[in-house]
Amino acid sequence: MNVIKEIVRHSAHTAEVVIESPSVAASARAGHFVMIRFSEDLPRIPFTIVNTDPVAGTFTIIIHKGAKLTELIDSLSQGREVPNLLGPLGQAFEIRNYGTVMCIGDGVGFVPLIPVIRELKKAGNRVITVVSEFSEHNDCLRSMAEKYSDEILSSSSREEAVERLSTVADREKVDLTVMTGPTDMMKMLAAAAADRKIPARCILNMIMLDGVGLCGICRVMVDGKRKLTCIDGPTFDAHLVDFDQLLNRQRNYV
């Protein structure tokens, strides 16, 4: 049985939801996600596993109304059973001591970076985080990142996020860049990292129906090969992702 144990409402637009599921809590790692259907009238939705507590048998997700989940947060309550939950899914992020890592995200799309930042810091990395387009509705995400970041930089636009990467790379050696958010921003960041010969990973946020590779909607071209974000990702080598093809596919679902 999967039961909502706690709901922390940071604002009218953002909430952390703690769900009891011992199997997910025991096996989830940074980079994994779950597919959840909270009710019969809602689709299955992918959520990043932000944190786990194997002892309590719980894991945490973040729900944000910006993801067109306008009524979902208000409808949830402690003790409610989650009727349809599948996970952990995807491939875990490779956590090790890279050296200095820049983690760059945008608004609510920043959520997948939170567990990665935490685990990278625990592994001994120097973590520099760039946050973009934050507001009072999702500022809790910044506070979560600050806890495990050696330095926090802000940017008011996607272009400025790219400038932050260049500025830091000019002053010190960057060993890895991790990015998530809008596809066009990741394309720009990947190009900037490639110019400076910095390894880069991107965490893709894709539309999914089943999360186990059956529907094929989340497919992406990586190094000229067809990959599925749900089973091969969601993390990929950003220098190998065909962002132009990905942008064209995403326009079909606008």
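In the block above lies the structure referred to throughout.
So, how was this worked out
- Residues numbered from 1 in each chain as written.
- Predicted model: local features only at pLDDT ≥ 70, side-chain atom pairs only at ≥ 80, totals over all residues.
- Heavy atoms only, no water.
- Buried < 20%, exposed > 50% of the residue type's maximum accessible area, 1.4 Å probe, protein only.
- Helix = DSSP H or I, 4+ residues; strand = E, 2+ residues; numbered from the N terminus.
- Pairing = 2+ DSSP bridges.
- Phe/Tyr/Trp six-rings, centres within 6.5 Å; stacked < 30°, edge-to-face > 60°.
- Axes fitted to C-alpha atoms, helices over the stretch in contact; angles between N-to-C directions.
- Core = buried A, V, L, I, M, F, W, Y, C linked by side-chain atoms within 4.5 Å.
- Salt bridge = Lys/Arg side-chain N within 4 Å of Asp/Glu carboxyl O.

Novice: Any chance you could explain the pairing of strand S11 (residues 176-180) here in plain terms?
Specialist: Put simply, side chains in a regular strand alternate between the two faces of the sheet. Of all the five residues making up S11, five are buried; the element is thus mostly covered by neighbouring parts of the structure. The alternating pattern of S11 places Leu176, Val178 and Thr180 and Thr177 and Met179 on opposite faces, both of which are buried. With four bridges connecting them, strand S8 (residues 100-104) and S11 associate as parallel partners. Following the sheet pairing, Met102 is matched in S11 by Thr177. Pairing analysis gives four bridges linking S11 to strand S12 (residues 200-203), with the strands arranged parallel. Bridge pairing in S12 links Val178 to Arg201.

Novice: What is the right way to read the packing of aromatic side chains from this model?
Specialist: Two measures describe an aromatic ring pair: the distance that separates the ring centres and the angle between the ring planes. Taken as a whole and judged by the stated rule, the model has one aromatic pair. Between Phe38 and Phe47, the aromatic rings sit 6.1 Å apart at their centres with planes inclined by 75 degrees, giving edge-to-face as the arrangement. By relative accessible area, Phe38 is classed as buried at 3%.

Novice: Would you mind going over the sheet that holds strand S5 (residues 51-53) with me for this structure?
Specialist: Paired through backbone hydrogen bonds, the strands of a sheet run either parallel or antiparallel to each other. Reading across from one edge, S1-S2-S6-S5 is the order of the four strands in this open sheet, with antiparallel pairing throughout. The sheet is open, and its two borders are formed by strand S1 (3-9) and S5, each paired with just one other strand. Neighbour-to-neighbour, the strand axes of this sheet turn through a mean angle of 25 degrees, independent of strand direction. The pairing of strand S2 (residues 14-20) with strand S6 (residues 58-64) spans seven bridges and is classified as antiparallel. Looking at S6, one finds that Val18 is bridged to Thr60.

Novice: What is the right way to read the nonpolar core from this model?
Specialist: One finds Met102, Leu165, Met179, Cys202, Leu204 and Phe243 to be the most contacted residues of the largest nonpolar core, which totals 37 residues. Listed by contribution, the elements that provide at least two residues to this core are strand S3 (33-37), S8, strand S9 (126-132), helix H5 (158-171), helix H6 (183-195), S12, strand S13 (219-222) and helix H8 (243-251). For this core, the element with the most residues is H6, which contributes six residues. Listed in part, the 23 residues of the second largest apolar core include Val50, Val101, Leu141 and Ile203.

Novice: What should I look at first to understand the pattern of salt bridges in this one?
Specialist: Side-chain pairs of opposite charge can arise where the charged atoms are in close proximity. Under the counting rule described, the total for this entry stands at 14 salt bridges. Residue Glu151 pairs with Arg126 through a salt bridge whose shortest N-O separation is 3.3 Å. In this pair, Glu151 is assigned in strand S10 (residues 151-155) and Arg126 in strand S9, connecting sequence segments 25 residues apart. The exposure class assigned to Arg126 is partly exposed, which follows from its relative accessible area of 30%. Between Lys187 and Asp244 there is a salt bridge, with its nearest N and O atoms 2.5 Å apart. Of this pair, Lys187 sits in helix H6 while Asp244 sits in helix H8, and the two are 57 residues apart along the sequence.

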